[in-house]
Amino acid sequence: MRYLLLFSVFLLCACSNSDDATPLTEMYFPPNNSSAWETVTPEALGWNEAVIPELEQFIRDTGTRGLIILKNGRIVFESYDGLTLDGINRFGQNNYWYWASAGKTLTSFLIGQAEAQQLLSLDDPSNTYLGQGWSSLNTDQENAISVRHHLTMTTGLDFNVSDPNCTDPECLQFLNAPGDQWFYHNAPYTILDQVIEGASNQSFDDFFEEQLLNKIGMEGFWEYIGFNHIFFSPPRSMARFGLLILAEGSWNGEPILNNETFFQDMINTSQPLNPSYGYLWWLNGKSAFIPPGITNLVSGDISLEAPEEMIAAIGANGQLINIVPSQQLVVIRMGNATDDSLVPFSIQNQLWDILNELIVE
């Protein structure tokens, strides 16, 4: 395994009296169009370094490709292992991996951007931007589904169809009134791409690049795999997005998402049916949650080992963005996993079981 335990610049750690030293508690943002990223050692933070071998073993044992831990924006730990997507080369800092459903949070952010620019309203019927007949519903049923219902997994579309990822009109059938049931249904989420296109009069890719990717120095591209629209990027680009969310939608003091109400609604309970779901973000520390694939509430947190305030982007095979605001932490993980569920909470718990020993506040 090739891994990097990065060390902070000497002046940063040792010369606290220097006028040029940046306090470790001040939020740091890596420059755009650069591979530079300030680092800090676990030792400088007072963390339990004895746990690092266990974290490295977790990486080897779980098919992890990239794992990054940020504290106040600085890299504390960065490790890469395994093979690239083509199975030929060793995976490293600049290689691309898929986000799976963790990419839903990118789409959520873009909806917030579109609303901030008054291109759409969450309470408008989605056919305002999709046009009539995007589904098999009658006119009244279709008019009742708002953009907000797509964001919150409450459209009422039938998830029992043969392919719940299918976005063709014949696959989008009425089951119940919007807002009456929560179900993790990919197709109504994917259609938000078309909502963004209809609202912005731009391609989804162009809107994404202009409104998010270029503004924070991300790399990556979207690709349709079947009906699903999947984002691919290097791990550090995932970490950049996590840092943007930690900073409440601002980048180095510049508001990127100038929509405070949307941001707060995005990272808090968005509807009464599943308290652990915001606008396409998972929320820890709630009384119950509805896992993908079922309709009933399950008591407890989505991740018992993780901090209760954590918000999370979670995708198949353990693609993770974990954000803990009070600790100024971002943890990202890319790779494969033995858990084949749509949203693999188990690998998140495994990871936090180790992180709780490592991170000393």
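Now for a quick tour of the structure.

What follows covers the nonpolar core. With 110 residues, the main nonpolar core has Leu-55, Trp-99, Ile-111, Leu-212, Phe-241 and Trp-282 as its most contacted residues. Leave out the neighbours within four places in its chain, and Leu-55 touches Leu-67, Ile-69, Phe-77, Leu-351, Ile-354, Leu-355 and Leu-358.

In the structure shown here, the tally under the stated rule is one cavity of 30 Å³ or more. Empty space within the largest cavity amounts to approximately 80 Å³. Looking at the largest cavity, it is lined by 13 residues, and the ones nearest its centre are Met-153, Thr-155, Gly-156, Leu-157 and Phe-183. Taken together, the residues of the lining of the largest cavity break down into seven nonpolar, six polar and no charged.

At their nearest, the axes of helix 4 (residues 104–116) and helix 9 (residues 192–200) sit 10 Å apart, and the two run at 25 degrees to each other. In terms of orientation, helix 4 lies roughly parallel with respect to helix 9. The interaxial crossing formed by helix 4 with helix 9 has left-handed handedness. On helix 9, the residues touching Thr-107, Leu-110 and Ile-111 of helix 4 are Leu-192, Asp-193, Val-195 and Ile-196. For the contact of helix 4 with helix 9, a count of residues per class yields five nonpolar, one polar and one charged.

Together, Glu-197, Asp-205, Asp-206, Glu-209 and Glu-210 make up a region of like negative charge exposed at the surface. Among the elements that line the negative patch, the one with the most residues is helix 10 (residues 204–216), at four residues. Looking at where Asp-206 falls in the secondary structure, it is placed in helix 10.

Let's shift gears to the sheet that holds strand 6 (residues 228–233). With respect to topology, three strands assemble into an open sheet ordered 4-6-5, the strand pairing being antiparallel. Among the strands making up the open sheet, the edge pair consists of strand 4 (97–98) and strand 5 (221–225). Looking at chain direction, strand 4 and strand 6 are connected through two bridges and run antiparallel. Paired with Tyr-98 across the strands is Phe-232, a residue of strand 6. Strands strand 5 and strand 6 of the sheet are contacted by helix 10, whose axis makes an angle of about 40 degrees with strand 6.

Basis of the calculations
Residues numbered from 1 in each chain as written. Predicted model: local features only at pLDDT ≥ 70, side-chain atom pairs only at ≥ 80, totals over all residues. Heavy atoms only, no water. Core = buried A, V, L, I, M, F, W, Y, C linked by side-chain atoms within 4.5 Å. Buried < 20%, exposed > 50% of the residue type's maximum accessible area, 1.4 Å probe, protein only. Contact = heavy atoms within 4.5 Å. 1 Å grid on protein atoms, 1.4 Å probe; cavity = no way out; pocket = protein on both sides within 12 Å on 5 of 7 lines; lining within 4 Å. Points joined across faces, edges and corners; volume = space filled by probe spheres on them. Nonpolar A, V, L, I, M, F, W, Y, C, P; charged D, E, K, R; others polar. Axes fitted to C-alpha atoms, helices over the stretch in contact; angles between N-to-C directions. Helix = DSSP H or I, 4+ residues; strand = E, 2+ residues; numbered from the N terminus. Parallel < 35°, antiparallel > 145°, perpendicular 65-115°, else oblique. Left-handed = near helix turned anticlockwise from the far one by under 90°. Patch = residues over 30% accessible without salt bridge, like charges linked within 9 Å, V, L, I, M, F, W, Y side chains within 5 Å. Areas by Shrake-Rupley, 256 points an atom, 1.4 Å probe, with all protein chains shown as cover. Salt bridge = Lys/Arg side-chain N within 4 Å of Asp/Glu carboxyl O. Lys, Arg positive; Asp, Glu negative; His and termini not counted. Charge placed at Lys NZ, Arg CZ, Asp CG, Glu CD. Pairing = 2+ DSSP bridges.

Interpretation in functional terms is not warranted from these geometric data alone.
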